[in-house]
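Chain by chain, the residues:
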Amino acid sequence: MTASLLNPRVKKLLLKFILYIVVIDICILILYPYFVMFCTALKSRAEIFAKEGTVFPIKALWQNFVDIWVKAPIGRNMINSLIVAGGSTIIAVVCGIPAAYALSRMKFKGQTAFLGFIIVSQMFAPVVLLIGIYKILAAFGLTNSLFGLICINAAFNQAFTVWLLRGTFMTISAEMEQAATIDGCNRLQAMFRVLLPVAAPGIVTTLIFIFINAWNEYTVAMCIISTDVLKPITVGINIFNGYNMIQWQYLFASSVFATIPVIIMFMCIEKHLVSGLTSGGVKG
């Protein structure tokens, strides 16, 4: 009798233990490259190329992090990335919210085809359209400018923004807006005062993904930005990648700095992430 009562509890504890082990292993696999990157950033060049070495540095050289600010405009590159990622996120969300709202609340001919076109547009990688992108930017005099890079990143993230926010708005009852219109609000006021506050988790999730995509963008920035002081961090760290020598300690130290803003962003708003992803995954 006792054994039969304990068996379900034992099974539950065993399953939970196995789950924790699997989760811990996955976390180790994901975080190990970042750990190696940080440890390598603290090594000297001689130690990195030593035949016998360990992951941990023999003597931590924190001076490497100071040197990259002196030998290269890494600080300026990070500011450029913040400007580009922040500007792209703002433009994509400001333009995407009205479009997503219209697609979730209004019915019109060709809506299904239009939604399909939005998905198809995500299949085009920037590298495929690179020549056309460069010619367009050159025609408007936006090559080698942060504003041109902001516009391109916002454009490539627009379809994802509209699709995800539309799914978020579809989960919110239209009766809430109707109640607001009865109280005297017009459609625009109802959207800003009722819909957007309720849709905050989905909007935050969209902000995160757009910011990360714009922060990590490399190909377009590499082709249209030629001035060192205007390069984002993803392109700026190539200064340590020479023709005959790669300064791995500085390259990894710059990479550590490049990951800090994204980590801080996740720590600040991660509580909205799961709910936002769930709300954006509605079929409709």
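Small disclaimer: the values here were computed from a predicted structure and weren't measured.

Chemist: For the overall build of the protein chain, give the residues involved together with the corresponding values.
Modeler: Secondary structure assignment for the protein chain yields 14 helices and 0 strands. The helix and strand sequence of the protein chain, counted from the amino end, reads α-α-α-α-α-α-α-α-α-α-α-α-α-α. For 284 residues, the compact-globule estimate of 2.2 N^0.38 gives 19 Å, and the C-alpha radius of gyration of the protein chain, at 24 Å, exceeds that figure by more than 25%. For the C-alpha atoms alone, the extent of the protein chain along its principal axes is close to 80 × 70 × 35 Å. Split into buried and exposed, the 284 residues of the protein chain put 38% on the buried side. In the protein chain, the share of contacts with a sequence separation of at least 24, taken over all contacts with a separation of at least 6, comes to 75%. Carbon and sulfur atoms form 72% of the exposed surface of the protein chain, whose accessible area is close to 17000 Å². Charged side chains in the protein chain number 20 positive and 10 negative. The centres of these two groups are separated by 6 Å.

Chemist: Residue-level account of unusual backbone geometry, with values.
Modeler: Even without being glycine, N144 reaches a positive phi, approximately 55 degrees. Mapped onto the fold, N144 is located in the loop between helix 6 (130-139) and helix 7 (146-170).

Chemist: I'd like a rundown of helix 4 (residues 74-105), residues and numbers included.
Modeler: Under the 1.5 Å per step criterion, the end-to-end length of helix 4 is 46 Å for 32 residues, consistent within 8% with the ideal 46 Å. The largest bend in helix 4 comes to about 30 degrees, at G96, with the proline P98 one to four residues further on.

Chemist: Help me get a handle on the packing of helix 4 against helix 10 (residues 200-216), residues and values and all.
Modeler: As a packed pair, helix 4 and helix 10 sit with axes 8 Å apart at the nearest point and diverge in direction by 140 degrees. As far as their axial angle goes, helix 10 and helix 4 are oblique. Helix-helix and strand crossings are classified by hand; for helix 4 and helix 10 the assignment is right-handed. Residues M78, S81, L82, A85, G86, S88, T89, A92, V93 and I97 of helix 4 lie in contact with helix 10, whose contacting residues are I203, L207, I210, F211, A214 and W215. Classifying every residue of the contact of helix 4 with helix 10 by side-chain character gives 12 nonpolar, 4 polar and no charged.

Chemist: Describe in detail empty space enclosed by the protein, supporting the description with residues and values.
Modeler: If you walk through the whole model with that rule in mind, you get 1 cavity of 30 Å³ or more. Looking at the largest cavity, its volume works out to about 40 Å³. S81, V84, L149, N153, A214, W215, E217, A221, P232 and T234 together form the lining of the largest cavity. Broken down by secondary-structure element, the contributors of at least two residues to the lining of the largest cavity are helix 4, helix 7 and helix 10. The class makeup of the residues in the lining of the largest cavity is 6 nonpolar, 3 polar and 1 charged.

Chemist: Can you explain the environment of Q122? Please cite residues and give values.
Modeler: For Q122, the position within the fold is in the loop between helix 5 (111-121) and helix 6. Among the residues examined, Q122 registers a relative accessible area of 39% and is labelled partly exposed. For the pair Q122 and I263, spaced 141 residues apart in sequence, the C-alpha separation works out to 26 Å. Beyond its immediate stretch of four places on either side in the chain, Q122 contacts F156, A159 and F160.

Conventions and cut-offs
- Residues numbered from 1 in each chain as written.
- Predicted model: local features only at pLDDT ≥ 70, side-chain atom pairs only at ≥ 80, totals over all residues.
- Heavy atoms only, no water.
- Helix = DSSP H or I, 4+ residues; strand = E, 2+ residues; numbered from the N terminus.
- Rg over C-alpha atoms; globule rule 2.2 N^0.38 Å.
- Buried < 20%, exposed > 50% of the residue type's maximum accessible area, 1.4 Å probe, protein only.
- Contact = heavy atoms within 4.5 Å.
- Areas by Shrake-Rupley, 256 points an atom, 1.4 Å probe, with all protein chains shown as cover.
- Lys, Arg positive; Asp, Glu negative; His and termini not counted.
- Charge placed at Lys NZ, Arg CZ, Asp CG, Glu CD.
- Expected span 1.5 Å × (residues − 1).
- Bend = angle between axes of the 7 residues up to and from the residue.
- Axes fitted to C-alpha atoms, helices over the stretch in contact; angles between N-to-C directions.
- Parallel < 35°, antiparallel > 145°, perpendicular 65-115°, else oblique.
- Left-handed = near helix turned anticlockwise from the far one by under 90°.
- Nonpolar A, V, L, I, M, F, W, Y, C, P; charged D, E, K, R; others polar.
- 1 Å grid on protein atoms, 1.4 Å probe; cavity = no way out; pocket = protein on both sides within 12 Å on 5 of 7 lines; lining within 4 Å.
- Points joined across faces, edges and corners; volume = space filled by probe spheres on them.

From the geometry alone we can't say anything about function, so treat these as descriptive.
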